[in-house]
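Now for the letters of each chain:
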Amino acid sequence: MSKKVELLNQLTADLAVAFVKFHNLHWNVTGERFKEVHEYAEELYDALNEQYDEVAERVKMLGEFPPASMKAYLETTKIEELTNKDYTILETNELLLETLKYLRSLATDARNVADEEGDFATVAMLEDIVGVYCKHVWFLSQMVK
Ligand SMILES: [Fe+2]
């Protein structure tokens with residue numbers, strides 16, 4: 001498997017796990033601004049869900065198999081899952097931020113490897129995805145200040 005596909009498959013697995021992790025925060029955030037952060041977490045996991053499908057389908061277009069089971073995701077992911085408990089607004093925003101920074105770094109690495117191969121379709125997809133992360137990393141950085 002090429003380095004590019006390896007990174008895209010890593011991203012597929014991480015997006016699947018981040019989707020669940022963000023639901024945990026969506027459900028378990030507590031505090032005065034619950035509704036705002038609850039809804040923001042939903043906006044984020046909806047974005048991750050679209051990316052998850054898009055990245056996996058790109059792997060198919062490249063003639064390879066994306067990971068497609070929870071077992072494979074848990075074996076592959078570098079994202080740590082959360083326990084069931086209450087999370088303060090600050091904890092929630094910090095966890096969302098840390099996860100998105102990790103995903104941005106991985107998607108950037110994948111973008112650069114695809115660029116070295118002249119695979120502009122993968123580059124374009126990943127640049128859009130990184131752009132989404134950049135916006136939310138900025139939002140969340142402002143929120144945790
Ligand atoms: Fe919900």
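Right above here is the structure, for reference.
Here's what I pulled together on the structure shown here.

Reading the values: the criteria
Residues numbered from 1 in each chain as written. Predicted model: local features only at pLDDT ≥ 70, side-chain atom pairs only at ≥ 80, totals over all residues. Heavy atoms only, no water. Helix = DSSP H or I, 4+ residues; strand = E, 2+ residues; numbered from the N terminus. Expected span 1.5 Å × (residues − 1). Buried < 20%, exposed > 50% of the residue type's maximum accessible area, 1.4 Å probe, protein only. Contact = heavy atoms within 4.5 Å. Axes fitted to C-alpha atoms, helices over the stretch in contact; angles between N-to-C directions. Parallel < 35°, antiparallel > 145°, perpendicular 65-115°, else oblique. Left-handed = near helix turned anticlockwise from the far one by under 90°. Nonpolar A, V, L, I, M, F, W, Y, C, P; charged D, E, K, R; others polar. Phe/Tyr/Trp six-rings, centres within 6.5 Å; stacked < 30°, edge-to-face > 60°. Lys NZ or Arg CZ within 6 Å of the ring centre and 35° of its normal.

The next subject is helix α5 (residues 120-144). Along its 25 residues, α5 runs 35 Å from first to last C-alpha, staying within 8% of the 36 Å computed at 1.5 Å per residue. By the burial criterion, the buried members of α5 are Thr-122, Val-123, Met-125, Leu-126, Ile-129, Val-130, Tyr-133, His-136, Val-137 and Leu-140. In this fold, the buried residues of α5 make contact with α1 (3-28), α2 (34-61) and α4 (89-116).

Another point: the packing of α4 against α5. Between α4 and α5, the shortest axis-to-axis distance is 8 Å and the interhelical angle comes to 155°. Our classification of the angle between α4 and α5 gives roughly antiparallel. Crossing of α4 over α5 shows left-handed handedness. When its residues are assigned to classes, the contact of α4 with α5 shows 18 nonpolar, five polar and six charged.

We describe a pair of aromatic rings using the distance from one ring centre to the other and the angle between the two ring planes. Throughout the structure, instances matching the rule amount to four aromatic pairs. Residues Phe-19 and Tyr-45 carry aromatic rings whose centres are separated by 5.6 Å and whose planes lie at 80° to one another, so their mutual orientation is edge-to-face. Residue Phe-19 is found in helix α1, and its partner Tyr-45 is found in helix α2; the two are separated by 26 residues along the sequence. Residue class for Phe-19 comes out partly exposed when judged on its relative accessible area of 26%. For Tyr-45, a relative accessible area of 8% gives the class buried. Over the ring of Phe-65 we find Lys-60, and its NZ or CZ is 4.1 Å from the ring centre.

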